[in-house]
Amino acid sequence: MTAQSTLPAAASGRFSIGGDLPVNRLGYGAMQLTGPGVWGDPADPDEAVRVLRRAVELGVDLIDTADSYGPFVSEMLIKKALHPYPAGLVIATKGGFTRAGPGDWRAVGRPEYLRQQCELSLRHLGLDRIDLYQLHRIDPKVPLEDQLGELVLLQQEGKIRHIGLSEVTVAQIEQSRKLAPIVSVQNLYNLVNRSAEDVLQHCEQQNLAFIPWFPIATGELAKPGGPLAQAAERHGASPAQLALAWLLRRSPVMLPIPGTSSVAHVEENIAAAELTLTDEEYRELETAV
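Residues numbered from 1 in each chain as written. Predicted model: local features only at pLDDT ≥ 70, side-chain atom pairs only at ≥ 80, totals over all residues. Heavy atoms only, no water.

**Details of the packing of helix 8 (residues 239-250) against helix 10 (residues 279-287)**
Thinking step 1. Where helix 8 meets helix 10, the axes come as close as 11 Å, and the angle between the chain directions of the two elements is 100°. Between helix 8 and helix 10, the crossing angle belongs to the class labelled roughly perpendicular. Between helix 8, through Trp-246, Arg-249 and Arg-250, and helix 10, the contact on the second element is made entirely by Asp-279, Tyr-282, Leu-285 and Glu-286.
Thinking step 2. Residues that form the contact of helix 8 with helix 10 fall into these classes: 3 nonpolar, no polar and 4 charged. (Axes fitted to C-alpha atoms, helices over the stretch in contact; angles between N-to-C directions. Helix = DSSP H or I, 4+ residues; strand = E, 2+ residues; numbered from the N terminus. Parallel < 35°, antiparallel > 145°, perpendicular 65-115°, else oblique. Contact = heavy atoms within 4.5 Å. Nonpolar A, V, L, I, M, F, W, Y, C, P; charged D, E, K, R; others polar.)

**Thoughts on the packing of aromatic side chains**
Thinking step 1. Evaluation of the coordinates by the stated rule reveals 4 aromatic pairs.
Thinking step 2. Consider the rings of Tyr-189 and Phe-210, whose centres lie 5.6 Å apart with planes at 85°: the pair is edge-to-face. Residue Tyr-189 is found in the loop between strand 10 (182-188) and helix 6 (197-206), and its partner Phe-210 is found in strand 11 (residues 209-213); the two are separated by 21 residues along the sequence.
Thinking step 3. For Tyr-189, a relative accessible area of 0% gives the class buried.
Thinking step 4. Relative to Tyr-282, the ring of Trp-246 has its centre 5.5 Å away and its plane inclined at 15°; by these criteria the two rings are stacked. Residue Trp-246 is located in helix 8, and its partner Tyr-282 is located in helix 10; the two are separated by 36 residues in the primary sequence. Across the pair, Tyr-282 and Trp-246 agree in class, each one buried.
Thinking step 5. A connected cluster of aromatic rings, assembled from ring pairs, spans Tyr-69, Phe-97 and Trp-105. (Phe/Tyr/Trp six-rings, centres within 6.5 Å; stacked < 30°, edge-to-face > 60°. Buried < 20%, exposed > 50% of the residue type's maximum accessible area, 1.4 Å probe, protein only.)

Here it is in structure tokens:
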């Protein structure tokens, strides 16, 4: 097998989730390996398997999924494509949403539901322990101590290694860390939407992994003549690749997880790890929004 250091994803640098899970910072998000509305099977299940295998071949060792993607479709495809898993591959999943149909997402944080979903994820992924289990949303109808308390119990039972959060505020992170050892936060963040900037800064201060979802949005910046389009042209790269390179440059705790259902796109995304922005390009993109 190719040495780890020569694989494209390795150029993104390393981060140790929770202090004991070292991963290449550019990962893969498996939400798009489903049907429309993140519901049901993908149009081409064989291509989904090829995408997952290609990502790992290129050095990706962090794959992010959730029981609600499909539901269960994404997790089962990961098992089909990659089990038995190579040493060092970290599969992060999430629980806390229930699905009633395409595009329908409802937070459910009842302890018995979270336990059930964790057990199902273990089975669907073919794992004895989930390295990173994230509360997909805090359910406002259930006390936070009950939601995180159940995840701590699962951790104590050896079914979860580390606990993460998704779509939270700084105040919620601080409150959660009084109840459970939190190692990661997954919020919407990209070049054109930095509304979670305060959360990112808090994660930097506390050395928590920050996993931006929807990382390659480019908006108006990618239009012809725009700063992103111009920088991409100089690098012989795509605007999406430059957007990923910007995220990787933005913070050492940043772990982007671009998703795709196409082998060509997964190769393009991971190649972004090898792009280096100049200081001027970085500042120009930072101030363009």
